[in-house]
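Structure assessment
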Amino acid sequence: MRSQHIKVLIVVAALAAIAIIVPNTNSFVILLTTRALAFSILVMSLDILLGYTGLPSLGQAAYLGVGAYVTAILATRYQFGLGYDFWLVVALGILLAAALAAIFGLLAIRATGVYFLMITLALGQCIWGLAYRWNSLTGGDNGINLRARPKFGIDLADEVTFFYLVFGLFALSLLLMYTLVRSPFGQSLAGIRERELRMKILGYNTWLHKYIAFIVAGGFGGLSGVLWAHTAGIVSPENVVLTTSVDALLMAVLGGAGTLVGGIIGAIIVFGLREYLSTLVPWWQYVLGAVYVLTILYLPTGLMGIPERIRRRRALSGSRKAIKNIAPAAS
Amino acid sequence: MNTQFWLVQAFNGISYGALLFLVGSGLSLIFGVMRIVNLSHGSYFLLGGYIALSVIWTTGSWLLAIPVAALVVAVLGMAMERVFLQPLGFDPLRQVLLTVGFAFLFQQAALDIWSGNNFDINPPDALTRSIVVGGLYLPLYRVFMIGMAAVIGLILWLVMEKTRIGAAVRATVDDAQMARGVGIDTSRISMLIFSLGALLAALGGVIGGAFLGIYPGLDFEMLPIAFAVVIIGGMGSLGGAAIGALIVGLADNFGKALFPELSYFTLYAPMALILAVKPTGLFGRE
């Protein structure tokens, strides 16, 4: 319990540091961090499924897409969501994405392992197909340009103000998701991840648990999408394509699945590599690919898992020495 | 919309299905034997096309380009399976992420070597004509694609059904543990099937490059379509891949012609439904 408190303190301190330091840097860093924060809500929502429930989704970008397209369509067609009604759009984006997850979940939740990967891939592609082809609604391949950010007392066109808004919603999401995974419900999810059959035998309705987790994750994905639309200023099929879902999955694994905050670490590293390194060298994608491959081969628990691995290695070598001391001739 | 429209669309759908069979059958076999969701399969398709281009540019021979591209990519696939996938063991998530990491690496490599331009693979003049059948002008190249897929499908079927190694592959698909138990070297089977799958995808890239073109991003465009083929047909079954390819080819063509705004939706929604109802696909082995 104590070590958990220390971990929470470290995370709070790190977030406070981000909130204080980033606004005082240049606009490039502010924009980069804003992007990473907005996207990392999606990554954390995926982590609820991947890290806490054991459901690796390959279609999480669909929910980001719903939130983003709702925001963009309402803003450009009806000038809706550019004042105080922005908060209505936030609510709507979350609700619609959760509703979509409720439909998709009915199809997907029964599947496990590889089949869950495949079915979420197929469902994600459905949304991509609509975004790509339904020209009259989504603008097709060109996407939709958002001309202005909302203004309500504060002007979100200002980079720093907008950064604080995204940061605030990110921190709130993290808090809510953290509460969720620490709750009895979250503990049951972890039980399902470890051994679903045992949880069933204990009388848990595992299907319902997974279904609710799926819907909650979808809702947070929608929130991420609303923020993403205003962060990027453009919503296009790029946002719902398979590679975006894969990105989210890789960020979660890179940071460390089942840690929530691993999502923001993964997002910052990947966005940093992609948008900063790409301005320096043409071969940045090799670095990204290599980071992915090496993480998966040598660091399956992600960056957040490093301290644990070091501790375990120490404990292991300690116990080896102990064994040698006790029984030097045993081997 | 007269008979001619339906016939031409059906012909186009079938010939596109022929191409999809090449890509999908490999993916299906890989999935059946190894239970790997191979996200670098689209990259094999694209690399096949690019390597064929290089061969054509240096030697001028289209006929030579086909086997060279297929074999180079097959070796690449084999190396990837041996060095990276095999040591990973069975872990669906890590495998899928590893293959996508490689897909990104291949993407960058292709960009460096062949630049970001769009290319076309030009088949010999003899294949660019049209033939007239019953008043319909059919491009000979599409007829060739159908013939190629039929021949390869037949060879694959004969190998799978009539040879000892084919029987070993089928046994591994059905129950890998049992297959190991009776002395089948499933690790070697995995290696062979993975490189065969890569070979077939590359073949698809060379042949499809003539009418799809070869350009960056094609890899991740083909990949989900190949998965639709595999899932609708059933994973690990050749006949299923053939039927799945035909269905997807026709659905894609008619979808684009009849309701363009929903065309991809009509492709992936049935795929999701089939997966939800019967995860092993319409014709998959239980």
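Bear in mind that the values here come from a model prediction, so they are computed numbers and not experimental data.

Before going further, it helps to spend a moment on the overall build of chain A. Counting secondary structure elements, chain A contains 14 helices and four strands. Relative to a compact globule of 331 residues, whose C-alpha radius of gyration would be 20 Å, chain A shows 21 Å and is just as compact. If one aligns the C-alpha atoms of chain A with their principal axes, the spans along those axes are about 80 × 50 × 40 Å. Counting all 331 residues of chain A, 47% fall into the buried class.

Moving on: the overall build of chain B. Across its full length, chain B carries 11 helices and two strands. Each helix and strand of chain B, ordered N terminal to C terminal, gives the series α-α-α-α-β-β-α-α-α-α-α-α-α. The C-alpha atoms of chain B give a radius of gyration of 19 Å, which matches the 19 Å a tight globule of 286 residues would have. Seen through its principal axes, chain B has C-alpha atoms that stretch 60 × 45 × 35 Å. Within chain B, contacts between residues at least 6 apart in sequence are counted, and of these 76% link residues at least 24 apart.

With that settled, consider the nonpolar core. In this structure, M118 and A122 of chain A together with V73 and A202 of chain B are the most contacted members of the largest nonpolar core, which totals 196 residues. Ranked by the residues each element gives to this core, the list is headed by helix α5 (residues 113-133) of chain A, at 15 residues. Apart from the residues lying within four places of it in its own chain, the contact partners of A122 of chain A are I231, Y268, M271, A272 and L275 of chain B.

What follows deals with the interface of chain A and chain B. Of the residues lining the interface, 38 residues belong to chain A; the matching set on chain B comes to 34 residues. Elements that contribute at least two residues to the side of chain A that touches chain B include exactly α5, α6 (135-138), α11 (242-255) and α13 (284-298) of chain A. Among the elements that line the side of chain A that touches chain B, the one with the most residues is α5 of chain A, at 16 residues. Of the residues in the side of chain A that touches chain B, the class split is 28 nonpolar, eight polar and two charged.

With that settled, consider the environment of F104 of chain A. All names here are of chain A. As for its position among the elements, F104 is in helix α4 (residues 86-108). Using a count of 26 C-beta atoms within 10 Å as the deciding quantity, one classes F104 as buried. Taking the C-alpha atoms as reference, F104 lies 8.2 Å from T120; in sequence the two are 16 residues apart.

What follows covers the packing of helix α1 (residues 3-34) of chain B against helix α9 (residues 218-233) of chain B. Residues and elements named next belong to chain B. The N-to-C vectors of α1 and α9 enclose an angle of 65 degrees; their axes lie 8 Å apart at closest approach. One element, α1, and the other, α9, form an angle in the roughly perpendicular class. When the axes of α1 and α9 are compared, the crossing they make is right-handed. Contact residues: α1 offers L20, V23, G24, L27, S28 and F31, while α9 offers M222, I225, A226, V229, V230 and G233.

Let us now look at helix α10 (residues 206-232) of chain A. Residue and element names in this part refer to chain A. Its 27 residues give α10 an end-to-end C-alpha distance of 38 Å, which sits within 8% of 39 Å, the value for a rise of 1.5 Å per residue. In terms of residue burial, α10 counts as a mostly covered element, since 20 of its 27 residues are buried. One or two steps after α10, the chain reaches G233, where phi turns positive at roughly 80 degrees.

Moving on to the pairing of strand β2 (residues 136-139) of chain B. Residues and elements named next belong to chain B. Here strand β1 (residues 130-133) pairs with β2 via four bridges, running antiparallel. Bridge pairing in β2 places V133 opposite L136. What sits between the antiparallel neighbours β1 and β2 is a turn of two residues, in which G134 has the positive phi angle 55 degrees.

Our focus in this paragraph is the confidence of the model for chain B. Put simply, chain B has an average pLDDT of 87, and 98% of its residues get 70 or more. The secondary structure element of chain B with the lowest average pLDDT is β1 of chain B, at 80, and the one with the highest is helix α2 (residues 41-59) of chain B, at 93.

Moving on to the packing of helix α3 (residues 61-78) of chain A against α4 of chain A. Residues and elements named next belong to chain A. The contact between α3 and α4 brings their axes to 9 Å, and the two run at 140 degrees. As the angle between them shows, α3 and α4 are arranged oblique. As α3 runs across α4, the sense of the crossing is right-handed. Touching A62, Y63, V66, G67, V70, T71 and L74 of α3 are V89, L92, G93, L96, A97, L100 and A101, all from α4. In terms of residue class, the contact of α3 with α4 is built from 11 nonpolar, three polar and no charged.

In this structure, Q79 of chain A is a non-glycine residue whose phi angle is positive, near 50 degrees. Topologically, Q79 of chain A is positioned in the loop between α3 and α4.

Mapped onto the elements, N135 of chain A comes out in helix α6. Owing to 12 C-beta atoms within 10 Å, N135 of chain A belongs among the exposed residues under this scheme. With residues near it in sequence (within four places) discarded, N135 of chain A still touches G140 of chain A together with E261 of chain B.

For the rest of this paragraph, the subject is the environment of F194 of chain B. All names here are of chain B. In this structure, F194 sits in helix α8 (residues 186-212). The spatial distance from the C-alpha of F194 to the C-alpha of I225 is 19 Å, given a sequence separation of 31 residues. Not counting residues up to four positions away in its chain, the partners in contact with F194 are I30, M34, G77, M78 and E81.

Definitions and cut-offs
Residues numbered from 1 in each chain as written. Chains lettered and ligands numbered in written order. Predicted model: local features only at pLDDT ≥ 70, side-chain atom pairs only at ≥ 80, totals over all residues. Helix = DSSP H or I, 4+ residues; strand = E, 2+ residues; numbered from the N terminus. Rg over C-alpha atoms; globule rule 2.2 N^0.38 Å. Buried ≥ 20, exposed ≤ 12 C-beta atoms within 10 Å, placed from the backbone. Contact = placed C-beta atoms within 7 Å. Core = buried A, V, L, I, M, F, W, Y, C linked by C-beta atoms within 7 Å. Nonpolar A, V, L, I, M, F, W, Y, C, P; charged D, E, K, R; others polar. Axes fitted to C-alpha atoms, helices over the stretch in contact; angles between N-to-C directions. Parallel < 35°, antiparallel > 145°, perpendicular 65-115°, else oblique. Left-handed = near helix turned anticlockwise from the far one by under 90°. Expected span 1.5 Å × (residues − 1). Pairing = 2+ DSSP bridges. pLDDT = per-residue confidence, 0-100.

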